[in-house]
Amino acid sequence: MIQDHTSVWQSCLSIIENAINPKSFNTWFKPIRPLKLERNVLTIQVPNKFFYEYLEEHYLKTLKRTIYQVLGPQGQLEYNIVVKDREPQKHNDQNGGFSYKDIKNPFVIPGLKKTRIDSNLNKKYVFENYIEGDCNRLARSAGISISRKPGGTAFNPLVIYGDVGLGKTHLVHAIGNEIKKNDLDNNVLYITTEGFTNQIVSAIKNNTIDDLQSYYQMIDTLIIDDIQFLANRDKTQDILFNIFNQLHQTGKQIILTSDRPPKDLEGMKDRILNRFKWGLTADLKSPAFETRMAIIEEKIGSEASDVPKNVLEYICFNIKNNIRELEGVMISLLAQANLNNREIDIELAKEVIRSFVTQVNKGITVENITRLVADHFEVSIEKLQGKTRKRAVVIARQLSMYLAKNYTKSSLKTIGDNFGGRDHSTVIYSVKAVQDLIDTDILFKGTVAELEKKVQLSLLG
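Given the structure is predicted, the values throughout are model-derived calculations rather than measurements.

**Q** Sorry, what's going on with the overall build of the protein chain here?
**A** Along the protein chain, the regular secondary structure elements total 20 helices and 11 strands. Out of the 461 residues belonging to the protein chain, those deemed buried represent 48%. Of all intrachain contacts in the protein chain linking residues separated by at least 6 positions in sequence, the fraction that spans at least 24 positions is 72%. As displayed, the protein chain has an accessible area near 23,300 Å², and 48% of this comes from carbon and sulfur atoms.

**Q** Before we go on, may I ask you to explain the pattern of salt bridges in this structure?
**A** Tallied over the full model, the rule gives 14 salt bridges. Salt bridges linked by common partners bring Glu132, Asp134, Arg137 and Arg140 together as one network.

**Q** What should I look at first to understand the packing of aromatic side chains in this one?
**A** One pair of aromatic rings is described through two measures. These are the centre distance and the angle between the planes. Considering all chains together, one arrives at 6 aromatic pairs under this definition. For the pair phenylalanine 25 and phenylalanine 29, a centre-to-centre distance of 6.3 Å together with 15° between the ring planes defines the contact as stacked. Take phenylalanine 25: its relative accessible area is 4%, and that puts it in the buried class. The interplanar angle of 65° and the centroid separation of 5.9 Å between the aromatic rings of phenylalanine 244 and tryptophan 278 together place this pair among those described as edge-to-face. Of this pair, phenylalanine 244 sits in helix 9 (residues 234–249) while tryptophan 278 sits in the loop between helix 10 (270–276) and strand 11 (280–283), and the two are 34 residues apart along the sequence. Given a relative accessible area of 2%, phenylalanine 244 falls into the buried group. Following the ring pairs from residue to residue traces out a cluster consisting of Phe25, Phe29 and Tyr59. Directly above the ring of phenylalanine 241 sits arginine 271, whose terminal nitrogen or CZ lies 3.9 Å from the centroid.

**Q** Can you walk me through the layout of surface pockets in this structure?
**A** Its boundaries defined by the atoms lining it, the second largest pocket holds a volume of some 430 Å³. Lining the second largest pocket are 18 residues, with Tyr125, His170, Lys299, Ile323 and Glu327 sitting closest to its centre. Class assignment for the residues of the lining of the second largest pocket results in 6 nonpolar, 6 polar and 6 charged.

Rules used in this analysis
Residues numbered from 1 in each chain as written. Predicted model: local features only at pLDDT ≥ 70, side-chain atom pairs only at ≥ 80, totals over all residues. Heavy atoms only, no water. Helix = DSSP H or I, 4+ residues; strand = E, 2+ residues; numbered from the N terminus. Buried < 20%, exposed > 50% of the residue type's maximum accessible area, 1.4 Å probe, protein only. Contact = heavy atoms within 4.5 Å. Areas by Shrake-Rupley, 256 points an atom, 1.4 Å probe, with all protein chains shown as cover. Salt bridge = Lys/Arg side-chain N within 4 Å of Asp/Glu carboxyl O. Phe/Tyr/Trp six-rings, centres within 6.5 Å; stacked < 30°, edge-to-face > 60°. Lys NZ or Arg CZ within 6 Å of the ring centre and 35° of its normal. 1 Å grid on protein atoms, 1.4 Å probe; cavity = no way out; pocket = protein on both sides within 12 Å on 5 of 7 lines; lining within 4 Å. Points joined across faces, edges and corners; volume = space filled by probe spheres on them. Nonpolar A, V, L, I, M, F, W, Y, C, P; charged D, E, K, R; others polar.

Structure follows, in structure tokens:
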């Protein structure tokens, strides 16, 4: 008996209806439409990619068994995914939006083909050139875990926050590139919040919001940069909320960056802020001096040998809070030396840095030293100036007085006044105590030498 696609699918539905509960049948099988039957291959139409993936995840065995019963061992099932009777083919418009034209998207069980999308990833941002330090260890480690198992860790979403220039964008691109390296079929998309908003504006104007949301259902790893710019954009937040839910519920990975933690984001709806807090929030801090040195040497690569070590140290001492600025100084320094045939030295470094920072260190004061020691020992200036007798704080306080005595013109009384009104005899005792430790403790001697180098570098300004 010759069968057509409609009768074959009706036979399949009869079997499936008896195998699953009515609610699931009505939700997941009634909307399907048979399209054609050719050489034992039945083509059916499903509403969108999410619909297909749900069937494949939850009802693949049922479908295989049913096709076998109706069409025999040679039977195959092919999916045709259509968005409003049009299949999506995306192209960028000038506003970063998307439009769709007719193409075909067949999916066959088994051996499924996935639609590839442009990830927008920058190939130069990888983990190999992302220097690890205390400033970024948590976020970097979480990123590596995600890249091995996107959507399969507790870090979903991963929210990375920190000030401008600390490497947020580099890190999320590195995660995306590593995911693609491990699994070429993983559809990764990197997009800025501005680009995402422009897509929505374009979709609203062209009445293609459903198409846009269906496009995002094809994403396996979604990376959105600078979510703080979602503030007060209610429509954009609503659409992102829906996309977030669809992706998260189907085990897809979401990665976000911001200049502040979710709890401090203003102009955001509570329901989307709650979603941002579901996974891991990791911050990026300003890198320590040693990490800045490693970063700068990585950035300039083989050209590092052309830059004297004291110049590298001088730059890292003066550029503390912005990796992007650090890289800019080095590029400018090398360019100035090459174009003007100048030797790379401290004087050239000073000239270059003045165009990047408002004030280069001109000298050293007791306050400067106190801040430098407090940063090194990770204690507050208030504790150094206070009355606490904890050993770690006492040593840091004594070392501050020692450096102030040796590197400033301040009197013993002035130094003492800067540490909670202590008298000159306390300063003398502190200087002697530090000298005794230098003579007997090789590790402490190294710490003092490191701090003295930083002080000397600041004097060069």
